[in-house]
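# Coordinate inspection notes
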Amino acid sequence: MSIENLKKEIETALLITDWSPTEADLKEISRRMKVFGSSASKGDIEKIVYDVVGPYECMSMEGVDNTDLTTLLLLATKVTR
């Protein structure tokens, strides 16, 4: 998987509307996500992104379906270096 695809999947999963991660940031996010494996929650992913990139703009919706997180975690483990 490409870094650009990972970026798009993160944006979709976290409903990000504005951020500016570098390629190095995305690789670090991917590395940290791998540590969680399939047990990461949406909150875990949000924390990783915030810790690496800093503040970002996103939409907030209650009752969001988190089933896409499994796909996101799988994609993060397949990022090519």
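Scroll up a little and you will see the structure.
Scope of this entry: the structure provided in the associated data block. On a predicted model such as this, the values are computed, not experimentally measured, just so you know.

## What about helix α1 (residues 3-14)?
Because an α-helix completes one turn every 3.6 residues, residues spaced three or four positions apart along the sequence face the same direction. With 12 residues, α1 extends 16 Å between its outermost C-alpha atoms, agreeing within 8% with the 16 Å of an ideal straight helix rising 1.5 Å per residue. All buried positions along α1 are accounted for by I3, L6, K7, I10, A13 and L14. Projected down its long axis, α1 carries its buried residues within an arc of 135 degrees, all on one side. Against β1 (16-18), α2 (23-36), α3 (42-53), β2 (57-58) and α4 (68-76) lie the buried residues of α1. L15 sits one or two residues past α1 and shows a positive phi near 55 degrees.

## What about unusual backbone geometry?
Here L15, not a glycine, exhibits a phi torsion of approximately 55 degrees, which is positive. Mapped onto the elements of the fold, L15 is located in the loop between α1 and β1.

## Regarding the environment of K47
For K47, the location among the structural elements is in helix α3. Distance from K47 to I29, taken between C-alpha atoms, is 10.0 Å for residues 18 residues apart in sequence.

Rules and cut-offs
Residues numbered from 1 in each chain as written. Predicted model: local features only at pLDDT ≥ 70, side-chain atom pairs only at ≥ 80, totals over all residues. Heavy atoms only, no water. Helix = DSSP H or I, 4+ residues; strand = E, 2+ residues; numbered from the N terminus. Expected span 1.5 Å × (residues − 1). Buried < 20%, exposed > 50% of the residue type's maximum accessible area, 1.4 Å probe, protein only. Arc of directions from axis to C-beta. Contact = heavy atoms within 4.5 Å.

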